[in-house]
Amino acid sequence: MMTIVVNELRTGLLICLLFIIANATLLAQAGGSIKGVISDAQTGETLPGAHVMIEGTSFGTVTDPDGNYAFFNLQPGDYRVTASYISYEKKSITIKVLPGKGINGDVALDFSGMVLGAVEVTAQAKGQIAAINQQLSARSIKNVVSAARIQEIPDANAAEAVGRLPGVSLLRVGGEGQKVVIRGLSPKYSKVEIGGVSMASTDDNDRSANLSMISPYMLDGIEVTKAAMADKEADVMGGRVNFILKEAPEDLQFNLMAQTSYNGLKNQFGDYKFVVGGSNRFFDNRLGIFALVDIEKRNRSSFEATVGYDKNLHPEGDRNVPYDTIQAYIANVNMKDVSRSIHRYGGTLILDYKLPNGKISLSNFLSSIDKDVIVRSEVLAPGTGNTHSFRLSHIQNTMTVLTNSLRLENNFNGLELTGGISYSYSENRMPRLVDFSGLDKQAFENPEVVKYQHPGDISGLVKEDVSQALLTDVRFSNSFNEAYEVASDINLQYTFNLTEKVNVMVKTGAMIKEKGKGYNNEAERTPFAWDFRWNDIVVNEYFDNTYLGSADLPYELFIDPDYEPVQFPGGDYTISNQPDLDMANGVADLMHEMDTSYYDYVTSKRGDYDGTEKYRAAYLMSEMKIGKRITFIPGIRYEQNQTRYLGVRGNASTNNFYDAYEHFDTITTRTNGFWLPMVHLKYKPLDWLDFRLAYTRTLTRPDFNQIIPSWNITDLYISWNNPDLKPSMATNYDLYVSFYTNRLGLLSFGGFLKKIDDMIFRTEPTGSFDYTSTGLPEYTWGKPLERWINNDNQVDLWGIEAEWQTNFWYLPGALKGLVFNINYTHTFSEAKYPLTTKKTTTIPGFPPTVVTEYTDTVYTNRLFLQPNDIMNVTLGYDYKDFSVRLSMLYTNDIFRAASYYTAFQASSEASLRWDISLKQELPVDGLQVFANLNNITGAAERDQIKGRGGYPLSVQYYGLTVDMGLRYKF
């Protein structure tokens, strides 16, 4: 059946293609064309996103990133071409079109501020104006960070620039933005593209990508698209982030930047960043070459604490007590001093060759991050064993991302052909991870009292004497994760006048893609706590004979005497008595080299997987312009995806971790396909008013670790993956209204609603299930099963967005240099999480009979990582050669953890972050000095549970960072 559907679709596309080509051939015989560039009359800079109309007709277009536009298949005669651009005066010219000829239609626009003596656009206003025009000229609903804004005062990385847009929040590590949450949906629900090429997943298990790999200096703009269109891939339930790569402009350019940095948390200087780039065009501007190299060293350290909680349960069973009366107590408090040293290397090479009516471009992007991470931690566990443990983890990690793309764009007198091939690759290699642990089994005098204290008070209640702590174990592991995507696509577009007032664009195309994903882990362990055969080896290497033949090694022997105790800001948490780094690594290497460690079979094998996905898609869409007020864009897309994954099915209940893991490999293959309609309507009742509506169907495919055919049987429960998971499907509704004038700027309001079917959740272990469909051996049936499922209950996600972008060029004197941006987003969601309740009843008798009843039900909560409120405010000011930008980011109540029990539901505390950027041009042409102060107030990220009056769940401090440097460009 699937093959028949695909064949019918191909036949329909072929007929449509022949129709387009036939019409293009007939009309091309007599038609002429107008081609031109829209530019700034004072500076000569091109204006991307400018509107160009032929008066009296429905012909209209917008300029490309280089400011170019074109009209084809025009009948001979006189035409009046009008160009408009927000903050510039509208201008019209008359052009005489001749049969079969291409006529030049360049238009230079004057800045509106000329009438009040503002002879030029200030630096930050230029970036804002460009973003407004590109946003308004877009077919879809999107937000834009323009090239001018990126170039004037760049953010620390590309993720930070995206995080200033409406409806977007960031996930940070060590204060650095890494992944985006769009409209309350986790990063895996959005697509990240570099130059239009999908970025391969950088995560071990899900489909998300790390944006910190991308340098802002190589970008020509950023687009966040929130309403999908049929000519793009549909796995964009949250949205699409496209980082547009630079191409060479007409003039020779050179860019050099040198920066040093300060980390306030660690009170350290010494970070650096160097960027060298340049571009030029050759052969009468036909060939362009842009190249950039980026080298950076950053200290991204943090202090972190996480609190684990447990619950008092009714003696008869897990959930016989009302969900809202459970009392939380502290199971453990994990305090971490995390030192992150990051070396980042990146490069971009872009070549483009201009054709008479198009171009060929070759884009190449490479970025690699080397991380050296040392995590020193203490875990206080009054509620789980009354223990006090010490742990040092030393992690060496390299992440690499690569994209290559070869594309052709050409216009055959109205028939536009675009297409190309691309390759995207990522690898996440951890060649070394060492864990070194010690344990004191009697941490508190009265743990039953301590576990009900505030987590911030526990550090002061633990016994200061660590003489009873013992070395427990040393672990050594390495892992490798890689992903690739190879894709090719072709698109044909043709535009014609149906009537004098109706202009029609028809577009069709297809894409094929293959994805690959694999993960492998190797682990070994030396458990000193219960097997002391190796103690003498360590003693002979590091100590005298005092401890020869000892059953245990005191942890005190391994404490670093030079480690200064760390007290977190506010004084709630303190870390001390940490292992010596060199000794920890030395002991791990000694055990590894002497082949005395146990190979950890279960950890090494159970998570390994490998697989491929074959993707096929085709679409048909149209754009109908009715007069100059109405634009209607219907379309439909078909996507077919075939997955083939290998996973490990094993039984860990019959052996210790060091015994051979009873397992076997399994391969599953499945295919699914979906029709996805997309409809957009744009209505402009007035020149300054814009309404947009969109109805779209999008999807998100299951994560890799959810569909690999793996299971792991333990003594207590079974962890079972689900190869038959369906993609989550969203029906999306968007409504936006925008007001814009030269003085107002852009004021927009929007609302969205997403109805999500088959959303994927992980269930808690339960024995209420039909095991015959799992493939599990019969002797395991009835054991609690933890699994991934498609939720039968629809999830609703909705929200409102408001944005105002303006600059005050019309104010007198120095005030004209003010630039202001503000946006606010409020998001709601309602998800019914699956839950199986358990009730245990004892029936008297001899012997008594125990009966367990399971009931499938649900509980309602928000979506994971969904924020309630986001507000971004940016105030910029330009005066002559000086620029400053003050930014505020406010985020409130991000949902962190769902739970049946009210006490364990978790969300973030309100977070307020301030950044400031300054730039001063120096007397030497092209030379400037700059400074960026990030997180000025040292704001921390905090999460809390509802129980115990809002006890803390986690906290992350990363402090103030300051970047200072010189930049030279010409």
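This structure is a prediction, so every number in the text was calculated from the model and none was measured.

Reading guide: rules and limits
Residues numbered from 1 in each chain as written. Predicted model: local features only at pLDDT ≥ 70, side-chain atom pairs only at ≥ 80, totals over all residues. Heavy atoms only, no water. Helix = DSSP H or I, 4+ residues; strand = E, 2+ residues; numbered from the N terminus. Rg over C-alpha atoms; globule rule 2.2 N^0.38 Å. Buried < 20%, exposed > 50% of the residue type's maximum accessible area, 1.4 Å probe, protein only. Contact = heavy atoms within 4.5 Å. Areas by Shrake-Rupley, 256 points an atom, 1.4 Å probe, with all protein chains shown as cover. Lys, Arg positive; Asp, Glu negative; His and termini not counted. Charge placed at Lys NZ, Arg CZ, Asp CG, Glu CD. Phe/Tyr/Trp six-rings, centres within 6.5 Å; stacked < 30°, edge-to-face > 60°. Lys NZ or Arg CZ within 6 Å of the ring centre and 35° of its normal. Salt bridge = Lys/Arg side-chain N within 4 Å of Asp/Glu carboxyl O. Arc of directions from axis to C-beta. Pairing = 2+ DSSP bridges. Axes fitted to C-alpha atoms, helices over the stretch in contact; angles between N-to-C directions. Core = buried A, V, L, I, M, F, W, Y, C linked by side-chain atoms within 4.5 Å. Patch = residues over 30% accessible without salt bridge, like charges linked within 9 Å, V, L, I, M, F, W, Y side chains within 5 Å. Parallel < 35°, antiparallel > 145°, perpendicular 65-115°, else oblique. Left-handed = near helix turned anticlockwise from the far one by under 90°. Expected span 1.5 Å × (residues − 1). Polar contact = N/O pair within 3.5 Å; in protein donor to acceptor, adjacent residues only side chain to side chain. pLDDT = per-residue confidence, 0-100.

Before going further, it helps to spend a moment on the overall build of the protein. Within the protein one finds 10 helices and 49 strands. Taken against the 2.2 N^0.38 rule, which gives 30 Å for 970 residues, the C-alpha radius of gyration of the protein at 31 Å falls within 12% of a compact globule. Projected onto its principal axes, the C-alpha positions of the protein cover 100 × 70 × 50 Å. Across the 970 residues that make up the protein, the buried fraction comes to 57%. Counting only contacts in the protein whose residues sit at least 6 apart along the sequence, the fraction spanning at least 24 positions is 71%. Per element, the accessible surface of the protein, about 39400 Å² overall, is 56% carbon and sulfur. Side-chain charges in the protein split into 91 positive and 113 negative, and the spacing between the mean points of these groups amounts to 8 Å.

As a further point, take the packing of aromatic side chains. Applying the stated rule across the entire model yields 36 aromatic pairs. Relative to Tyr833, the ring of Phe761 has its centre 4.7 Å away and its plane inclined at 55°; by these criteria the two rings are tilted. Remark: Tyr833 occurs in strand S40 (residues 818–843) and Phe761 occurs in strand S37 (residues 760–762); sequence separation between them is 72 residues. Judged by its relative accessible area of 10%, Phe761 is buried. Taken together, the ring pairs in this structure connect Tyr85, Tyr88, Phe111, Phe808, Trp809 and Tyr810 into an aromatic cluster. A cation over an aromatic ring shows up here: Lys311 above the ring of Phe904, its NZ or CZ 5.7 Å from the ring centre. For Lys451, the ring lying beneath its charged end belongs to Tyr329, and the centroid distance is 4.1 Å.

Glancing now at the environment of Gly419. Locating Gly419 in the fold gives a position in strand S23 (residues 415–440). Exposure remark for Gly419: the relative accessible area of 11% places this residue in the buried category. Sequence-wise, Gly419 and Ser212 are 207 residues apart; in three dimensions their C-alpha atoms are separated by 29 Å. The contact partners of Gly419, leaving out residues within four places of it in the chain, are Leu406, Arg407, Leu408, Asp489 and Ile490.

Counted by the stated rule, this structure contains 53 salt bridges. Here Arg692 and Asp690 are joined by a salt bridge, their closest N and O atoms 3.2 Å apart. One exposure class covers both Arg692 and Asp690, and it is buried. Here Glu921 and Lys919 are joined by a salt bridge, their closest N and O atoms 3.8 Å apart. What makes Glu921 partly exposed here is its relative accessible area of 24%. Beyond isolated ion pairs, a larger network of salt bridges with shared partners links Glu176, Lys273, Asp294, Glu296, Arg298, Arg300, Arg344 and Asp963.

Taken as a whole, helix H6 (residues 535–542) has its buried residues at Asn535, Val538 and Val539. Seen end-on, H6 carries its buried residues on one side only, within an arc spanning 100°. Lining the buried residues of H6 we find helix H7 (581–593).

Right, let's talk about the sheet that holds strand S3 (residues 60–62) for a bit. Across a sheet, paired strands are connected by hydrogen bonds in the backbone, their directions being either parallel or antiparallel. With antiparallel pairing, four strands are arranged side by side in an open sheet as S3-S2-S5-S6. Each edge of the open sheet is held by one strand with a lone partner, namely S3 and strand S6 (91–97). Neighbour to neighbour, the strand axes of the sheet diverge by 25° on average, direction disregarded. Here strand S5 (residues 77–84) pairs with S6 via seven bridges, running antiparallel. Residue pairing across strands places Tyr79 opposite Ile95, the latter belonging to S6.

A few words on the sheet that holds strand S15 (residues 240–245). Taken in spatial order, the five strands of this open sheet run S9-S14-S15-S12-S13, and their pairing is mixed. Of all strands in the sheet, those bounded by a partner on one side alone are strand S9 (142–146) and strand S13 (197–198). The sheet contact formed by strand S12 (residues 191–194) and S15 spans four bridges and is parallel. Bridged to Lys191 within S15 is Arg240.

Attention shifts here to the nonpolar core. One finds Leu185, Tyr309, Met335, Phe568, Tyr573 and Met759 to be the most contacted residues of the largest nonpolar core, which totals 47 residues. Mapped by element, the contributors of at least two residues to this core are strand S19 (302–311), strand S20 (328–355), strand S36 (745–757), strand S39 (795–807), S40 and strand S48 (952–957). Membership of the second largest hydrophobic core comes to 37 residues, among which are Leu165, Ala209, Val241 and Phe365.

In this section: a nonpolar patch on the surface. There is a patch of nonpolar side chains on the surface, built from Tyr353, Ile360, Leu362, Leu406, Leu408 and Ile421 and spanning about 470 Å² of accessible area. Going through the elements one at a time, strand S21 (358–381) and strand S22 (387–412) are the ones with two or more residues in the nonpolar patch.

As a further point, take the packing of H6 against H7. It is at 11 Å that the axes of H6 and H7 come closest, and there the two elements cross at 130°. Here H7 runs oblique to H6, going by the angle between their axes. Where H6 crosses over H7, the two elements pack in a sense that is right-handed. Across from Ile537, Val538, Glu541 and Tyr542 in H6, the residues of H7 making contact are Met583, Gly586, Val587, Leu590 and Met591.

Residues other than glycine seldom take positive phi values, yet Asp284 does so here, at roughly 60°. Position of Asp284 relative to the elements: it lies in the loop between strand S17 (268–282) and strand S18 (287–299). Phi angles above zero are rare outside glycine, and Asn935 is one such case at about 55°. Structurally, the position occupied by Asn935 is in the loop between strand S46 (927–934) and strand S47 (941–945).

What follows concerns the environment of Asp770. The residue Asp770 is located in the loop between S37 and strand S38 (785–790) in this model. Of the residues examined, Asp770 reaches a relative accessible area of 48% and is grouped as partly exposed. For the pair Asp770 and Tyr900, spaced 130 residues apart in sequence, the C-alpha to C-alpha distance is 23 Å.

To continue, consider helix H2 (residues 123–137). The end-to-end C-alpha distance of H2, which contains 15 residues, comes to 22 Å, matching closely the 21 Å that a straight helix rising 1.5 Å per residue would cover. Within H2, 13 of the 15 residues are buried, which leaves the element mostly enclosed by the surrounding structure.

Take Glu233: it is sitting in the loop between strand S14 (219–225) and S15. Accessibility expressed as a relative area gives 7% for Glu233, which makes it buried. Within the local environment of Glu233, its side chain forms a polar contact with the side chain of Ser198, the two groups lying 3.3 Å apart. Those residues in contact with Glu233 that lie beyond four places of it in its chain are Lys191, Ser198, Arg240, Met511, Lys513, Tyr615, Arg637 and Glu639.

Across the two faces of S12 the burial is the same, with Lys191 and Glu193 and Val192 and Ile194 all buried. One ladder, built from two bridges, connects S12 with S13; its direction is antiparallel. Looking at S13, one finds that Glu193 is bridged to Ser198.

A word on the environment of Gly509. Relative to the assigned elements, Gly509 resides in strand S25 (residues 502–526). A relative accessible area of 9% means that Gly509 is categorised as buried.

With that out of the way, let us pick up the confidence of the model for the protein. Averaged over every residue, the pLDDT of the protein is 89; residues scoring 70 or more account for 94%. Here helix H1 (residues 2–28) is the element of the protein with the lowest mean pLDDT, 46, and strand S32 (residues 689–700) is the one with the highest, 97. pLDDT under 50 marks residues 1–6. Its contacts with residues more than four places away, or in other chains, come to eight contacts. Counted against residues more than four places away or in other chains, residues 15–20, with its pLDDT under 50, gives seven contacts.

Position of Glu524 among the secondary structure elements: in strand S25. A distance of 2.9 Å separates a polar atom in the side chain of Glu524 from a polar atom in the side chain of His592. Residues in contact with Glu524, not counting those within four places in the same chain, are Val474, Arg475, Phe476, His592, Ser597, Tyr598, Tyr599 and Asp600.

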